[in-house]
Amino acid sequence: MARQPYATPEQLAAWLGAPAPTEAEHLLARAGEDIDSALLTAIYPVDDDGDPTDPQIAAALGSATCAQVEYWLAAGDDGTGAAGKWDSVSIGPVSLSGRAASTSGASGVELAPRAARALRRAGLTPGRVVTW
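Quick summary incoming for the structure in this document. Please read these numbers as outputs of a predicted model, since none were measured by experiment. (Residues numbered from 1 in each chain as written. Predicted model: local features only at pLDDT ≥ 70, side-chain atom pairs only at ≥ 80, totals over all residues. Heavy atoms only, no water.)

**A few points about the packing of helix 3 (residues 55-75) against helix 4 (residues 113-121)**
Item 1. Between helix 3 and helix 4, the shortest axis-to-axis distance is 7 Å and the interhelical angle comes to 170 degrees. Considered as vectors, helix 3 and helix 4 are oriented roughly antiparallel to each other. Every residue of helix 4 that contacts helix 3 at Ala 60, Leu 61, Ser 63, Ala 64, Ala 67, Gln 68, Glu 70 and Tyr 71 is listed here: Pro 113, Arg 114, Ala 115, Ala 118 and Leu 119.
Item 2. Looking at the contact of helix 3 with helix 4, its residues break down into nine nonpolar, two polar and two charged. (Axes fitted to C-alpha atoms, helices over the stretch in contact; angles between N-to-C directions. Helix = DSSP H or I, 4+ residues; strand = E, 2+ residues; numbered from the N terminus. Parallel < 35°, antiparallel > 145°, perpendicular 65-115°, else oblique. Contact = heavy atoms within 4.5 Å. Nonpolar A, V, L, I, M, F, W, Y, C, P; charged D, E, K, R; others polar.)

**A look at the pattern of salt bridges**
Item 1. All chains considered together, the criterion is met by one salt bridge.
Item 2. The partner of Glu 70 in a salt bridge is Arg 114, with the nearest N and O atoms 3.1 Å apart. With Glu 70 in helix 3 and Arg 114 in helix 4, this pair connects stretches of sequence that are 44 residues apart.
Item 3. For Glu 70, a relative accessible area of 23% translates into the label partly exposed. (Salt bridge = Lys/Arg side-chain N within 4 Å of Asp/Glu carboxyl O. Buried < 20%, exposed > 50% of the residue type's maximum accessible area, 1.4 Å probe, protein only.)

**Structural notes on the packing of helix 1 (residues 9-16) against helix 3**
Item 1. Interaxial distance between helix 1 and helix 3 falls to 10 Å at its minimum, and their mutual angle equals 65 degrees. You can see that helix 1 and helix 3 cross each other, and the crossing is right-handed. Each of Gln 11, Leu 12, Trp 15 and Leu 16 in helix 1 lies in contact with helix 3, whose residues at this interface are Ser 63, Cys 66, Ala 67, Val 69, Glu 70 and Leu 73. (Left-handed = near helix turned anticlockwise from the far one by under 90°.)

**So, the environment of Ala 116**
Item 1. Here Ala 116 lies in helix 4.
Item 2. Taking C-alpha positions, Ala 116 is 8.7 Å from Ala 38, a pair spaced 78 residues apart along the chain.
Item 3. The residues touching Ala 116, leaving out its near neighbours within four places in the chain, are Leu 111 and Thr 125.

**With respect to the nonpolar core**
Most often, soluble globular proteins keep nonpolar side chains buried together rather than apart.
Item 1. If you look at the biggest cluster of nonpolar residues, it comprises 18 residues, and the most contacted ones within it are Ile 35, Leu 39, Tyr 44, Leu 61, Leu 111, Leu 119 and Leu 124.
Item 2. Among the secondary structure elements, those contributing two or more residues to this core are helix 2 (24-38), helix 3 and helix 4.
Item 3. Core analysis: the second largest hydrophobic core is formed by nine residues, Leu 12, Ala 24, Leu 28 and Trp 72 among them. (Core = buried A, V, L, I, M, F, W, Y, C linked by side-chain atoms within 4.5 Å.)

Written as structure tokens, this is what we have:
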């Protein structure tokens, strides 16, 4: 797995076309974890630090990470996935209702559509297993 982060707050701001949120570094780290989970079987060259050596792969990982954060911001999520799980939540004497449908990919991670497309275009998904 490549070293985090795949994108910087400055890259996120450019992606969003607006200033990055104050918690951008935290969101980018969480999004990078989701990208890593989606790429468990991906094969691509990395350096000694685990960073991709192919600039196109590095750019795809950065784009996918920014797309994942953009998706969360649009959904009002913080990267925990909690925003998409319930229609209504109260904290007062705890009340959760209306479990919303959520779909996860084979990796168990719900990727933003734009993130999934960036990984697919770079040839990183679907992953494959090779024998050594």
